[in-house]
Amino acid sequence: MSLTTTEAPEQAGPGPVRPRPFAGRSPRDLLGRAVVYLLLAVAVLTVVFPVYYAIAGAFMGPSELSSYPPALVPHSLTGRNFTGAVDAIPLVRQYANSALVATVITLAQLVTSILAAYAFVFLPMKARAVVFGVFLATLMVPWEAIIIPNYLTLSDWGFGNTYFGLVLPFLASGFGTFMLRQSFRQLPGELRDAARIDGAGHWRFLWRVVVPLNKPALAALSIYVFLSAWNQYFWPLIITRTAEMRTLQIGLTSLRDSEMADPGLILAGAVLSLLPTLALVVFGQRFIVRGLTAGAVR
């Protein structure tokens, strides 16, 4: 006779205990944390609110923009401000001018900075530190000190009111060279030795090894240069003479300075100018942080 025993099912033990975020903290610590969060919220609101109001105001009508207290939310969306801005100035042409100038300057500075940084890191050079110090000394010369000589030189060469005159003074940058040099120095020397054994020359080693391994720094430099070129105001103002050759920032100023200045048109133009920069900052933020911190620890 066989006896069948039935084992009692094991009871599941208690689930994992989740730590409470504020458990064990003193009231003083909680108060300090609350103050920090409050200050951060105020800082975020201070930065974000002007951007929000510009976008909201671009879709408001004249009555809402002139109302008191000011309307914070558009009651009826309208696109008349954007069409009015396009009709008031050659906005499309100036937008294209800004995009073209910023793109050319960005690509040119990338190429020149990559080549110069590679030369300072991997090519044999006498008095390398002295030459690099002289190179960095160009960063200490204020732009205001050379803008008039640049203007007179380009005007004498016949490059006034041309695309070439808009981009020529910015095709190379000491800051870009310094930033990429610091990033290139993080590469181990064994990579260059292995590439030399494999028969790779400088050109192949640069574009096949160095550039792919420094994408964060290159992306950060690209974003920085593009934003700087996109927001230029004084140089395009003095080197151009016609509305068709001027950039978007100059066009927005003409909207503001006109006799019948319409705040809705100004906000619409500002929103159009803000879109590329906002997209670059939002989607390229991690590249900016990683690129600017490259070379900080060696």
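Residues numbered from 1 in each chain as written. Predicted model: local features only at pLDDT ≥ 70, side-chain atom pairs only at ≥ 80, totals over all residues. Heavy atoms only, no water.

A. Examining unusual backbone geometry more closely. Geometrically, the link from Y68 to P69 is a cis peptide bond, its omega value of 0° lying close to zero. Here P69 lies in the loop between helix 2 (62-65) and helix 3 (80-88). Phi is positive for A127, which is not a glycine, with a value near 50°. Among the secondary structure elements, A127 is positioned in the loop between helix 4 (91-122) and helix 5 (128-137). If you check the backbone angles, N161 has positive phi at about 60° while not being a glycine. Among the structural elements, N161 can be located in the loop between helix 6 (143-156) and helix 7 (163-167). Accessibility expressed as a relative area gives 16% for N161, which makes it buried. (Helix = DSSP H or I, 4+ residues; strand = E, 2+ residues; numbered from the N terminus. Buried < 20%, exposed > 50% of the residue type's maximum accessible area, 1.4 Å probe, protein only.)

B. Representation of empty space enclosed by the protein within the structure. By the definition in use, this model includes one cavity of 30 Å³ or more. Taken as a whole, the largest cavity encloses approximately 50 Å³ of empty space. The wall of the largest cavity is formed by S98, V101, L166, A229, W230, Q232, P236 and T247. Listing elements by their share of the lining of the largest cavity, those giving two or more residues are helix 4 and helix 11 (215-230). Here the lining of the largest cavity is built from residues that sort into five nonpolar, three polar and no charged. (1 Å grid on protein atoms, 1.4 Å probe; cavity = no way out; pocket = protein on both sides within 12 Å on 5 of 7 lines; lining within 4 Å. Points joined across faces, edges and corners; volume = space filled by probe spheres on them. Nonpolar A, V, L, I, M, F, W, Y, C, P; charged D, E, K, R; others polar.)

C. Expanded view of a nonpolar patch on the surface. On the surface, V44, L45, V47, V48, F49, Y52, L72 and V73 cluster together into a nonpolar patch covering about 740 Å² of accessible area. For F49, a relative accessible area of 37% puts it in the partly exposed group. (Patch = residues over 30% accessible without salt bridge, like charges linked within 9 Å, V, L, I, M, F, W, Y side chains within 5 Å. Areas by Shrake-Rupley, 256 points an atom, 1.4 Å probe, with all protein chains shown as cover. Salt bridge = Lys/Arg side-chain N within 4 Å of Asp/Glu carboxyl O.)

D. Representation of the packing of aromatic side chains in the model. Counted by the stated rule, this structure contains 18 aromatic pairs. Geometrically, the ring pair formed by F59 and F82 is tilted, given 5.2 Å between the ring centres and 55° between the ring planes. A residue pair is termed long-range when its members are at least 10 positions apart, and F59 in the loop between helix 1 (27-58) and helix 2 and F82 in helix 3 qualify at 23 residues. Aromatic side chains F120 and F132 sit 5.0 Å apart centroid to centroid with 75° between the ring planes, which places their arrangement in the edge-to-face category. Of this pair, F120 sits in helix 4 while F132 sits in helix 5; the two residues are 12 residues apart in sequence, bridging distant segments of the chain. Assessed through its relative accessible area of 7%, F120 is described here as buried. The ring centre of F132 lies 4.0 Å from the NZ or CZ of R181, which sits over that ring. The ring centre of F205 lies 5.0 Å from the NZ or CZ of R192, which sits over that ring. (Phe/Tyr/Trp six-rings, centres within 6.5 Å; stacked < 30°, edge-to-face > 60°. Lys NZ or Arg CZ within 6 Å of the ring centre and 35° of its normal.)

E. Representation of the packing of helix 1 against helix 14 (residues 263-283). Across the interface, helix 1 lies against helix 14 with an axial gap of 8 Å and an inter-helix angle of 125°. The angle between helix 1 and helix 14 falls in the class oblique. Crossing geometry of helix 1 relative to helix 14 is assigned as left-handed. Facing V51, A54, I55, G57 and A58 of helix 1, the residues of helix 14 in contact are L267, A268, V271 and L274. (Axes fitted to C-alpha atoms, helices over the stretch in contact; angles between N-to-C directions. Parallel < 35°, antiparallel > 145°, perpendicular 65-115°, else oblique. Left-handed = near helix turned anticlockwise from the far one by under 90°. Contact = heavy atoms within 4.5 Å.)

Any functional reading would require information that these geometric values do not contain.
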